[in-house]
Amino acid sequence: MLDLLVYLLCGGILASGLLAVRLKSLLAASVSAGLAGLFAAVCYVLLGAPDVAMTEASIGSGLSLLFFLYAMNRMGRSKD
Amino acid sequence: MANHILMAAAVLIFSGVGLGVLRLILGPTVIDRVAAIDMLTIICISTISLYALVADRFIYLDAALVYGVLSFLGVVAVARYLERGL
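(A) Fine view of the nonpolar core. With 37 residues, the main nonpolar core has Val31, Val42, Val45 and Ala57 of chain A together with Ile48, Ala63 and Tyr67 of chain B as its most contacted residues. Those elements that provide at least two residues to this core are helix H1 (2-22), helix H2 (26-46) and helix H3 (50-75) of chain A together with helix H1 (2-26), helix H2 (30-55) and helix H3 (60-84) of chain B. In terms of residue count, H2 of chain A provides more of this core than any other element does, 12 residues in total. Excluding residues that lie within four positions of it along the chain, alanine 63 of chain B makes contacts with Val45, Pro50, Ala53 and Met54 of chain A together with Ile48 of chain B.

Next up, the structure:
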């Protein structure tokens, strides 16, 4: 059962990475790039490293999304 | 009995991840995708909690707690950006 869950999470990482490359909207692309980090953090928990997962979830997914939003706001919302 | 309940929870998590990724791919607007990502975050929290129960290591619940706080923060930031700029 655990192997199946890890495979499913790896499929989620692949899907969100492809979406982050392919999506036209900048906001949706950056949010789905954060989702890839979130799935990776769940994989870290399943592999037995909860502290790495906490750091990945807080910095890789939360703070980088905030920085992306701040940069897009400074860049102007012409193309959204 | 408890094993059956855990298996039912795992099946629900599997189907929830599938439906959430489907909405993330198909979603026509940005708001649909943000809602799908919020739902997937909550499913991740439930996955970690289920694994903490299965593996009998309750230190993993701290990671789930951090996930909950960050999910709220991220969705609030995105909503504020969509409304009038960060």
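Now that the structure has been shown, we can carry on.
(B) Just the interface of chain B and chain A, in detail. Contact with chain B, which involves 30 residues of that partner, is made by 28 residues of chain A. When contributions to the side of chain B that touches chain A are tallied by element, the ones reaching two or more residues are H1, H2 and H3 of chain B. Looking at the side of chain B that touches chain A element by element, the count peaks at 11 residues for H3 of chain B. When its residues are assigned to classes, the side of chain B that touches chain A shows 24 nonpolar, 4 polar and 2 charged.

Conventions and cut-offs
Starting from 1, residues in each chain are numbered consecutively following that chain's sequence as written. Written order decides the labels, with chains lettered from A and ligands numbered from 1. Only residues with pLDDT of at least 70 are given local features in this predicted model, and only at 80 or more are side-chain atom pairs given and counted; all residues enter the totals for whole chains, interfaces and linings. Structurally, a nonpolar core is described as a collection of buried Ala, Val, Leu, Ile, Met, Phe, Trp, Tyr and Cys residues joined by way of C-beta atoms within 7 Å. With C-beta atoms placed from the backbone, a residue is buried if 20 or more other C-beta atoms are within 10 Å of its own, exposed if 12 or fewer are, and partly exposed between those counts. Counting from the N terminus, the helices are the DSSP runs of H or I reaching at least four residues and the strands are the DSSP runs of E reaching at least two. Contact criterion: two residues are in contact if their C-beta atoms, reconstructed from the backbone, are within 7 Å. Residues are grouped as follows: Ala, Val, Leu, Ile, Met, Phe, Trp, Tyr, Cys and Pro are nonpolar; Asp, Glu, Lys and Arg are charged; every other residue, Gly included, is polar.

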